[in-house]
Amino acid sequence: MKHILIIDDNKTNLISTKNALSDLYKVTAVTSGVQAFKFLEKNKPDLILLDINMPDMDGYEVMENLQGNIEYNSIPIVFLTADNNAETESDCLERGALDFIAKPFSPVVMRSRVSRILELEEYRKSLANRLDEKIREVSAIKSKSLQDALTGLWNRAYTEETVEELLKKGESGALFMMDMDNFKSINDNYGHIAGDHTLKMFADTLRKYAGENDIICRIGGDEFKTYIVGNTSKSALANHAANIISDMCYNLVQCKFETNASVSIGIAQFPEDGSDFKSLY
């Protein structure tokens, strides 16, 4: 059952509004903005019927505070007022209200207007959810198109474009070019399933040592590259490479591959060794 919050300092109006709606909806009635916000701390109604002319905090102030709070700003609001003129109605709608109901009102009209607003709001939420779902689907498709299918690392085209953008911004960094020595012998002696497992294992090793902003890529075959973002000393980069080689060689030993497979790494720094991706490569 939909839940409606009514905010009106006039108890007679409050009771008549509640009576008009309580057989169709769960209704909570309060007499001030302060009471409303206390109620909203633990509840989120589907609709707020809000009187404009109230002491201490009028309807406009209540609405402004609702709109400024991320917890409440999605709740639809309908203004209630005895001030039945075009200027007031226009002002209410410009402030973000979905509708304007003049007092005194007919119970039949009240129920009809509230029903229509709730139906439209339900439809709006449904469209918003479908749109969000489509955006996620498109994002997932786009992400997959930029990734290597086997390892999940970025592909060559995405990596080169992204690194080039970083270089244009003057972002210091280092390009690591890596390949596996004697990888073909793993495929030849142990099969392509073992080869694929090795490539995934290498990708995981690169992830293990990558920073949050680093870009890791599988170029193709047994070739990989990583762009290490930031100003890093040559000794630190050498240690980084040594850790990757050491870990990967240990993993290969654990797999009991008798192939002397290993890893070779070359490093070029920006801007010392090149001013763009091509020169670093």
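In this text the structure is predicted, and so the values were computed from the model without any measurement.

Asker: Is there a simple way to explain the pairing of strand 4 (residues 77-81) in this structure?
Answerer: For a regular strand, side-chain orientation follows a simple rule: the groups alternate between the two sheet faces. For strand 4, the buried fraction is high: five of the five residues fall into the buried class. Read from strand 3 (residues 47-51) through helix 3 (residues 59-67) to strand 4, the crossover connection turns out right-handed. Across four bridges, the pairing between strand 4 and strand 5 (residues 99-102) is parallel. Across the sheet, T81 pairs through a bridge with A102, a residue of strand 5.

Asker: Would you mind showing me how to read the sheet that holds strand 9 (residues 262-270) here?
Answerer: Within a sheet, neighbouring strands are paired by backbone hydrogen bonds and run either parallel or antiparallel to one another. Taking strand neighbours across the sheet as the criterion, the four strands line up as 7-8-6-9 in an open arrangement whose pairing is antiparallel. Single-partner strands in this sheet number two, and they are strand 7 (215-220) and strand 9. If you compare each strand with its neighbour and ignore which way they point, the axes differ by 20° on average. For strand 6 (residues 173-181) and strand 8 (residues 223-229), the ladder comprises seven bridges, and the chain directions are antiparallel. Opposite M177, over in strand 8, you have K225 as the bridge partner. Across the sheet, helix 8 (residues 192-209) touches strand 6, strand 7, strand 8 and strand 9, and the angle it forms with strand 8 is around 10°.

Asker: Which parts of the structure should I look at to understand the pattern of salt bridges?
Answerer: Pairs can form between side chains of opposite charge whenever their charged atoms are close. In total, this model carries eight salt bridges according to the counting rule given. For K184, the salt bridge identified is with D188, shortest N-O distance 2.8 Å. Of the two residues, K184 and D188 are both situated in helix 7 (residues 183-190); the distance of four residues between them amounts to about one turn of the helix. Under the relative-accessibility criterion, K184 is labelled exposed at 59%. Sharing partners across several salt bridges, the network here consists of R156, E160 and K225.

Asker: Would you explain the packing of aromatic side chains in this entry?
Answerer: Inspection of every chain in the model, using the stated rule, returns six aromatic pairs. Residues F37 and Y72 carry aromatic rings whose centres are separated by 6.1 Å and whose planes lie at 50° to one another, so their mutual orientation is tilted. Taken together, the residues F37 in helix 2 (residues 33-40) and Y72 in the loop between helix 3 and strand 4 connect sequence positions 35 residues apart. The class for F37 is buried, based on a relative accessible area of 18%. For Y72, a relative accessible area of 12% corresponds to the buried category. For the pair Y60 and F79, a centre-to-centre distance of 5.5 Å together with 80° between the ring planes defines the contact as edge-to-face. On the criterion of sequence distance, the pair formed by Y60 in helix 3 and F79 in strand 4 is long-range, its members being 19 residues apart.

What counts and what doesn't
Residues numbered from 1 in each chain as written. Predicted model: local features only at pLDDT ≥ 70, side-chain atom pairs only at ≥ 80, totals over all residues. Heavy atoms only, no water. Buried < 20%, exposed > 50% of the residue type's maximum accessible area, 1.4 Å probe, protein only. Helix = DSSP H or I, 4+ residues; strand = E, 2+ residues; numbered from the N terminus. Right-handed = clockwise from strand over helix to strand, strands pointing away. Pairing = 2+ DSSP bridges. Axes fitted to C-alpha atoms, helices over the stretch in contact; angles between N-to-C directions. Contact = heavy atoms within 4.5 Å. Salt bridge = Lys/Arg side-chain N within 4 Å of Asp/Glu carboxyl O. Phe/Tyr/Trp six-rings, centres within 6.5 Å; stacked < 30°, edge-to-face > 60°.

Everything listed here is a matter of geometry and, on its own, says nothing about what the molecule does.
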